[in-house]
Amino acid sequence: MSEAASTRVALANSTALLPSLAPLLHEWLPRQRWFAGKGRPVTAFSLVSATEILPVDADSTGLGQGTGPGSGPGLLHLLIRVHQPSLPAQSPDDCYQMLLGVRSTLPPRLAPALIGHVAGGPLAGRTVYEGLHDPRLAELLLERLRTPGTLGTLRFDRGAAPIPAGLTPRVLDTEQSNSSLVFGNAYIFKIFRRVFPGTNPDLELPLALSREGCGRVPEPVAWFEATAPEPLTLGVLQPFLRGAEDGWQLALRALGSGRDFTREARALGRATAEVHTALATALPTPVLGSAQTEHLAAGMLQRLEAAAQAVPALVPYVPGLRTAFDAVAALGHKGRSWAAQRVHGDLHLGQTLRAADGFWSLIDFEGEPARPLLERRRPQPPVRDVAGMLRSFDYAARSHRPWNAEWAARCRAAYCDGYAEAAGVDPRSEPELLRAHETDKAVYEVLYEARHRPDWLPVPMAAIHRLAAAVD
């Protein structure tokens, strides 16, 4: 075994590694946009796996021609379980993926990526930082994706198409529940932060859609996973739709200029229906019988009650909101059934891109990150995605001043019209199911805004007021 390989094994297996990093992570981790456990103290960390993608003290090029100790950055891949007091709908020990750069001295250009200086353990005296912000380390990640293989517990795979080398990386500024790198405006590499056992839908569903020839979703080019102690999807590389515009920004611009958005909404409805049709062809389509329907409604009611405990402003609306779920449960009890299939799971305007020629694409099939992966992979009525988009039109109208209720109503109608044209089924033909899913989505939005963006809370609360007063 070479000296570099020996160092790699020693560092990855060192029992002192995590204890030496823990004081830094206690301070840094809760401040990250993608950390799901905000508002709860971190009580401990446990190390799931550690892999040196580039050994500490490797060369500055990252290509294996070392020029001496301390001459270049190292890249350490960690999976760390974070222990916190439990909430009803959240695991107390979420697992997070971290890509830590390690240097003796951090260049000024990387100062914003600083995590801290390590006082003891195998990295004593070194500086650790967010490795994705280091172009050298980002280029190394792309190189790993270009050449499939395994490294420790990590496995790198790609499709048949070759990936060019030497693409300049940049980190997207819009950090959300994940992190993304763009390479040369040709590819976007999404790195999942909070990871779950099993295949992530953001890899599974685009692969299934590509097999069906559905061009509405960028086809995965490469991906990497953890193989032990259990399979985990860690990141996906897809084509970067250069020049395409975010649907949310398009809608806000239309509102700001007083422009109608119904043509775009109608086309987006057709695009959604095409994706649903392809998913129904590619993957199983079970029927939700009475028991499953009652279970669906019970889950919505449970989420409502949990949200009301966390957000007191919801409490007065609970009786009115639950009538939407009771109506679906009553239909299930009477024997009503609904078709189910795999869906996007978190569809809104921000998950869509429109090209210059007007062609709409759907992205980010991960589903709602706050929900367990098993639940996100479960077949659902396709009206769930429709409800998410209807809420998004309302969100756009409510976030604009003055509020333009008529704009939202026209967009919602046009979207459903376009969906019905392409799918042959009008989502408004199932009013009880549509109202229940829209209510469930609004409850989710209230909880999300209360935790992450309190200033936005009035937006979903306005929908809560309307939905609680609706006649079922």
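Residues numbered from 1 in each chain as written. Predicted model: local features only at pLDDT ≥ 70, side-chain atom pairs only at ≥ 80, totals over all residues. Heavy atoms only, no water.

For the protein, the name recorded in an unreviewed UniProt entry is Maltokinase, with Streptomyces sp. 900116325 as its organism. Note on the protein: under the UniProt heading Sequence similarities (unreviewed entry), the record states "Belongs to the aminoglycoside phosphotransferase family." Of the comments in the UniProt record for the protein, the one headed Subunit (unreviewed entry) reads "Monomer." (UniProt positions renumbered as here; feature names shortened; annotations may be inferred.)

Student: Please clarify how the sheet that holds strand 9 (residues 178-183) should be interpreted in this entry.
Tutor: Strand-to-strand pairing in sheets goes through backbone hydrogen bonds, with the strands running parallel or antiparallel. On the basis of which strands lie adjacent, the open sheet formed by 7 strands has the order 6-7-12-13-10-9-8 and antiparallel pairing. Of all the strands in the sheet, the pair left with one neighbour each is strand 6 (149-151) and strand 8 (169-171). Strand after strand, the sheet turns through a mean of 20° between neighbouring axes, direction not considered. As paired strands, strand 7 (residues 154-158) and strand 12 (residues 222-226) are joined by 5 bridges and run antiparallel to one another. Bridged to R155 within strand 12 is E225. Along the sheet, helix 4 (residues 201-211) makes contact with strand 10 (187-192), strand 12 and strand 13 (232-239), crossing strand 13 at roughly 45°. (Pairing = 2+ DSSP bridges. Helix = DSSP H or I, 4+ residues; strand = E, 2+ residues; numbered from the N terminus. Axes fitted to C-alpha atoms, helices over the stretch in contact; angles between N-to-C directions. Contact = heavy atoms within 4.5 Å.)

Student: What am I meant to see in the nonpolar core here?
Tutor: One broad trend across soluble globular proteins is that nonpolar side chains are buried collectively. Judged by nonpolar contacts, the single largest core of 73 residues is most densely connected at F261, L314, F393, W407 and Y415. Top contributing element to this core by residue count: helix 10 (residues 383-399), with 9 residues. Counting 40 residues, the second-largest nonpolar core is a separate cluster that includes L106, L145, F156 and L167. (Core = buried A, V, L, I, M, F, W, Y, C linked by side-chain atoms within 4.5 Å. Buried < 20%, exposed > 50% of the residue type's maximum accessible area, 1.4 Å probe, protein only.)

Student: Explain the packing of helix 8 (residues 318-333) against helix 12 (residues 431-452) to me, please; I cannot follow it from the model alone.
Tutor: Packed helix pairs are specified by the crossing angle of their axes together with the interaxial distance, meaning the distance between the axes. Put simply, helix 8 and helix 12 touch, their axes get as near as 9 Å, and they point 140° apart. Between helix 8 and helix 12, the crossing angle belongs to the class labelled oblique. Between helix 8 and helix 12 lies a crossing of left-handed hand. Of helix 12, the residues touching helix 8 (which contributes G320, L321, T323, A324, F325, A327, V328 and L331) are E432, L433, R435, A436, T439, D440 and V443. Along the lines of polarity and charge, the residues of the contact of helix 8 with helix 12 split into 9 nonpolar, 3 polar and 3 charged. (Parallel < 35°, antiparallel > 145°, perpendicular 65-115°, else oblique. Left-handed = near helix turned anticlockwise from the far one by under 90°. Nonpolar A, V, L, I, M, F, W, Y, C, P; charged D, E, K, R; others polar.)

Student: Sorry, what's going on with the pattern of salt bridges here?
Tutor: A side chain with one charge may pair with a side chain of the opposite charge, provided their charged atoms come close. A complete count under the given rule lists 35 salt bridges for this structure. Through salt bridges with shared partners, a single ionic network connects R266, R270, D417, E421, D426 and R428. (Salt bridge = Lys/Arg side-chain N within 4 Å of Asp/Glu carboxyl O.)

Student: Before we go on, may I ask you to explain the pairing of strand 10 in this structure?
Tutor: When a strand is regular, its side chains alternate between the sheet's two faces. Burial runs high along strand 10: 6 of the 6 residues are buried. Pairing of strand 9 with strand 10 involves 6 bridges; the strand directions are antiparallel. From the neighbouring strand, S180 faces strand 10, where its bridge partner is K190. Connecting the antiparallel pair strand 9 and strand 10 is a turn made up of 3 residues, with G184 showing a positive phi of about 55°. Here 5 bridges tie strand 10 to strand 13, and the two strands are oriented antiparallel to one another.

Student: Explain the UniProt feature "domain: Aminoglycoside phosphotransferase" (unreviewed entry) in the protein to me, please; I cannot follow it from the model alone.
Tutor: Residues given the UniProt feature "domain: Aminoglycoside phosphotransferase" (unreviewed entry) here are residues 227-424. With 55% helix and 10% strand, the stretch residues 227-424 has end C-alpha atoms that lie 42 Å from each other.

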